[in-house]
Amino acid sequence: MRRIYLDNNATTRVDPRVLDAMLPYFCEQYGNAASRSHAFGWEAEEAVSRGREQVARLIGAGEKEIIFTSGATESNNIAIKGVAAMYGDRGKHIITQVTEHKAVIDPCKWLEQRGFRVTFLPVDRNGLVDVEQLKDAMTDDTILVSIMYANNEIGTIQPIGEIGRACKERGVVFHTDAVQAFGKVPIDVNELGIDLLSCSAHKIHGPKGIGALYVRRKNPRVRCEPVIHGGGHERGMRSGTLNVPGIVGLGRAAELCGEHRDTEPASLAKLRDRLKDGIFAQLDEVYLNGHETQRSASNLNLSFAYVEGESLMMGFKDIAVSSGSACTSASLEPSYVLKALGVGDELAHSSIRFSVSRFNTEEEIDYVIERVVETVRRLRELSPLYEMAREGVDLKSVQWSAH
Amino acid sequence: MAYGDKVIDHFEHPRNVGSLDKNDEHVGTGIVGAPECGDVMKLQIQVDENERIVDAKFKTFGCGSAIASSSLATEWVKGKTLDEALEIQNTEIVKELALPPVKIHCSVLAEDAIRAAITDVKRKLHKSDGVPGAATEAVK
């Protein structure tokens, strides 16, 4: 059976060029980058240093400001818990927002149980935080602001530069989880006033299990207490033998994004818009979740009124996508991100996230449009809600039986 | 989530999709669930003068298991008397469709839908005169 992968905000296919770069570091140049006494170690150290440069270049940072981690979850943990531990004697207040990834929310909640106060800013209907509200929330006790760059579910891009400036004015450390933006959006940490930035390889056609944290070294010098101790690698912020093949892969993946920075975001946006326009042209009552224009080029999140997300995915099971429906989550709760937008729960249940990559083609997109349209039509014919709506029943006025 | 073959079969070839005239006095309609919970089932039954179910239709908003559970429910109620249909248990639906634990609520909803449709048709039948088997105490 033909399969189409449109879940690239979850993870991506490794680019063969990335894999080629990594392969020598498994069986030939397998040294430990910390071994200073022989050529195996020197080769590994050289590879790591090149990876550091490649990642740094993509975000306008210096190579010494890049710390390698196991992925963005770890990067977020080091940034948030590490800043809290390092600057906790200066203040106990952290500001973040409600649609962050759990890898930011959970460390913040963990700190909340340990004497820190956390403000979770709300977002508007498009998923944007209000910078004025952020400024108002800052106090002399605030030590950290953590706001994601682009949202993983709805693609909304936050006003990072404005937030960076607001943080600079107050001398507050600014962290951004840039997993969905790194390699897809031009980022300059100095222009944007970012002090800490988390990124990951597997979202940009690199391997899983490797990520990085940018840690600003001057204006101001930012420091994080380590979460993992043992050997003092990575400027003491992240101990553990470096994942050399992973670092090579992350570096090469970042380099490829850099090489294609002038063309790739535009071609991703073109695929995304082709999908959106094709679906909107043929179906009514489809709603876009997230910001219309301020959004990641790869992400399209739609709610198809009157049909449930999991049944939609089952209807086009040859197409890999994801849904904010409760039925796809372990908790049986619909997406907290969509709920935060004020999209009704019923539209959260009806949502599908399509995310494109450099490996998708227009021909695939056209096939997806066809399959999505036919599945939505078929399931609407099966839907009592669609029938009621067509009869003119206001679904909000119905007294539903809770269960 | 990986689905069992029977769920896929009912999802891809749902039985008895559609609607009956809800104003017909021999038709009972059960609508259960809520859109904000992610599933709504409408199950309708049509009975003859002996209170035997001669036709059943459904429409469901929900996941594949919810659609399969209601599709199966319409198959099972057909040909049964109302009292026999009342004996259908959600656990039988779970077993037949091999539903995993997280999908048990779909079978509960299907059982609720059957009961709601039966209650509705009984209310109608026992309100009108001359229907065999009418029992006034059922009127609420």
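In case you missed it, the structure is sitting above this.
The present account deals with the structure reproduced in this document. All of these numbers come straight from a predicted model, not from anything done at the bench.

### Side note on the overall build of chain A
The secondary structure content of chain A amounts to 15 helices and 13 strands. The C-alpha radius of gyration computed for chain A amounts to 22 Å, which stays within 12% of the reference 22 Å derived for 403 residues, consistent with globular compactness. Structurally, chain A occupies a C-alpha span of about 75 × 50 × 35 Å along its principal axes. Side-chain charges in chain A split into 48 positive and 55 negative, and the spacing between the mean points of these groups amounts to 4 Å.

### Some points on the overall build of chain B
Broken down by element type, chain B carries five helices and three strands. Written out in order from the N terminus, the α and β elements of chain B read α-β-β-β-α-α-α-α. Taken over C-alpha atoms, the radius of gyration comes to 15 Å for chain B, in line with the 14 Å a tight globule of 140 residues would show. Taken along the three principal axes of its C-alpha coordinates, chain B extends 50 × 30 × 25 Å. Going through the 140 residues of chain B one by one, you find that 51% of them count as buried. Here the analysis covers contacts within chain B between residues at least 6 apart in sequence; of these, 61% occur between residues at least 24 apart. With an accessible surface of roughly 6,100 Å², chain B has 50% of that area assigned to carbon and sulfur atoms. For chain B, the separation between the mean place of its 17 positive charges and that of its 23 negative charges on side chains is 2 Å.

### Re the side chain of A:Arg295
Residue and element names in this part refer to chain A. Inspection of the secondary structure puts arginine 295 in the loop between β9 (286-289) and β10 (299-304). For the buried arginine 295, which has no salt bridge, the nearest side chain bearing the opposite charge is aspartate 273, at an N-O separation of 7.1 Å. Setting aside anything within four residues of it in sequence, one finds arginine 295 in contact with Ile154, Gly155, Thr156, Ile157, Arg272, Leu288, Asn289, Gly290, Leu300 and Asn301.

### Re the packing of helix α10 (residues 264-282) of chain A against helix α14 (residues 362-381) of chain A
All names here are of chain A. Packing of α10 against α14 leaves a shortest axis separation of 9 Å and a crossing angle of 30°. On the basis of the axis angle, α10 is roughly parallel to α14. For the pair α10 and α14, the sense of crossing is right-handed. Contact residues: α10 offers Lys270, Leu271, Arg274, Leu275, Gly278, Ile279 and Gln282, while α14 offers Glu362, Ile365, Asp366, Val368, Ile369, Val372, Val373 and Arg377. Tallied by class, residues from the contact of α10 with α14 come to eight nonpolar, two polar and five charged.

### Side note on the pattern of salt bridges
Residue and element names in this part refer to chain A. Tallied over the entire structure, the rule returns 37 salt bridges over all chains. Between glutamate 74 and arginine 238 there is a salt bridge, and its shortest N-O distance comes to 2.5 Å. Linking glutamate 74 in helix α4 (residues 72-87) with arginine 238 in the loop between β8 (211-215) and α9 (244-259), this pair joins segments that are 164 residues apart in sequence. We classify glutamate 74 as buried; its relative accessible area is 11%. In the salt-bridge network here, residues are joined through shared partners; they are Asp15, Arg17, Glu264 and Arg358.

### Some remarks on the packing of aromatic side chains
Residues and elements named next belong to chain A. Per the stated rule, a full pass over the model turns up two aromatic pairs over all chains. Here tyrosine 30 and phenylalanine 40 contribute two aromatic rings whose centre-to-centre distance is 5.4 Å and whose plane-to-plane angle is 35°, an arrangement assigned as tilted. Pair noted here: tyrosine 30 is in the loop between α2 (24-27) and α3 (39-59) and phenylalanine 40 is in helix α3, with a separation of 10 residues, a long-range link. Using a relative accessible area of 38% as the deciding quantity, one classes phenylalanine 40 as partly exposed. Taking the centre distance of 5.5 Å and the plane angle of 50° together, the rings of tyrosine 306 and tyrosine 386 count as tilted. Placement of tyrosine 306 in the loop between β10 and α11 (309-315) and of tyrosine 386 in helix α15 (residues 384-390) is noted, with a sequence separation of 80 residues between them.

### So, the layout of surface pockets
Where empty space is left in the structure can be found by rolling a water-sized probe over the atoms. All names here are of chain A. Size it by volume and the second largest pocket reaches roughly 360 Å³. Along the wall of the second largest pocket there are 16 residues; nearest its centre are Tyr306, Glu346, Leu347, Leu395 and Lys396. Per-class residue counts for the lining of the second largest pocket are 10 nonpolar, two polar and four charged.

### Description of the environment of A:Ala305
Residues and elements named next belong to chain A. Of note, alanine 305 is situated in the loop between β10 and α11. On a C-alpha basis, the gap between alanine 305 and aspartate 284 in space is 8.7 Å, while along the polypeptide they are 21 residues apart. Discounting chain neighbours no more than four positions away, the residues touching alanine 305 are Glu285, Tyr287, Leu347 and Arg380.

### Describing the sheet that holds β9(A)
The strands making up a sheet associate through hydrogen bonds between their backbones, and the pairing can be parallel or antiparallel. Residues and elements named next belong to chain A. The antiparallel open sheet is built from four strands, whose spatial order is β9-β10-β13-β12. At either margin of the open sheet sits one strand with a lone partner, and together these are β9 and β12 (322-323). Pairing of β9 with β10 involves four bridges; the strand directions are antiparallel. What sits directly across from asparagine 289, in β10, is asparagine 301. Against the sheet, α10 touches β9, β10 and β13 (351-355), its axis set at about 15° to β10.

### Focus: helix α5 (residues 102-112) of chain A
Given 3.6 residues per helical turn, the α-helix brings residues three or four places apart onto the same face. Of the residues making up α5(A), those classed as buried are A:Ala103, A:Val104, A:Ile105, A:Pro107, A:Cys108 and A:Leu111. At its buried positions, α5(A) is contacted by α4, β3 (93-97), β4 (117-121), β5 (142-146), β6 (173-177) and α12 (336-340) of chain A.

### Digging into α9(A)
Residues and elements named next belong to chain A. With 16 residues, α9 extends 22 Å from end C-alpha to end C-alpha; this agrees with the ideal 22 Å at 1.5 Å per step. Within α9, 14 of the 16 residues are buried, leaving the element largely enclosed by the surrounding structure. Sitting at the amino-terminal end of α9 is asparagine 243, which places a side-chain oxygen 2.9 Å from the backbone nitrogen of glycine 246.

Procedures and definitions
Residues numbered from 1 in each chain as written. Chains lettered and ligands numbered in written order. Predicted model: local features only at pLDDT ≥ 70, side-chain atom pairs only at ≥ 80, totals over all residues. Heavy atoms only, no water. Helix = DSSP H or I, 4+ residues; strand = E, 2+ residues; numbered from the N terminus. Rg over C-alpha atoms; globule rule 2.2 N^0.38 Å. Lys, Arg positive; Asp, Glu negative; His and termini not counted. Charge placed at Lys NZ, Arg CZ, Asp CG, Glu CD. Buried < 20%, exposed > 50% of the residue type's maximum accessible area, 1.4 Å probe, protein only. Contact = heavy atoms within 4.5 Å. Areas by Shrake-Rupley, 256 points an atom, 1.4 Å probe, with all protein chains shown as cover. Salt bridge = Lys/Arg side-chain N within 4 Å of Asp/Glu carboxyl O. Axes fitted to C-alpha atoms, helices over the stretch in contact; angles between N-to-C directions. Parallel < 35°, antiparallel > 145°, perpendicular 65-115°, else oblique. Left-handed = near helix turned anticlockwise from the far one by under 90°. Nonpolar A, V, L, I, M, F, W, Y, C, P; charged D, E, K, R; others polar. Phe/Tyr/Trp six-rings, centres within 6.5 Å; stacked < 30°, edge-to-face > 60°. 1 Å grid on protein atoms, 1.4 Å probe; cavity = no way out; pocket = protein on both sides within 12 Å on 5 of 7 lines; lining within 4 Å. Points joined across faces, edges and corners; volume = space filled by probe spheres on them. Pairing = 2+ DSSP bridges. Expected span 1.5 Å × (residues − 1). Polar contact = N/O pair within 3.5 Å; in protein donor to acceptor, adjacent residues only side chain to side chain.

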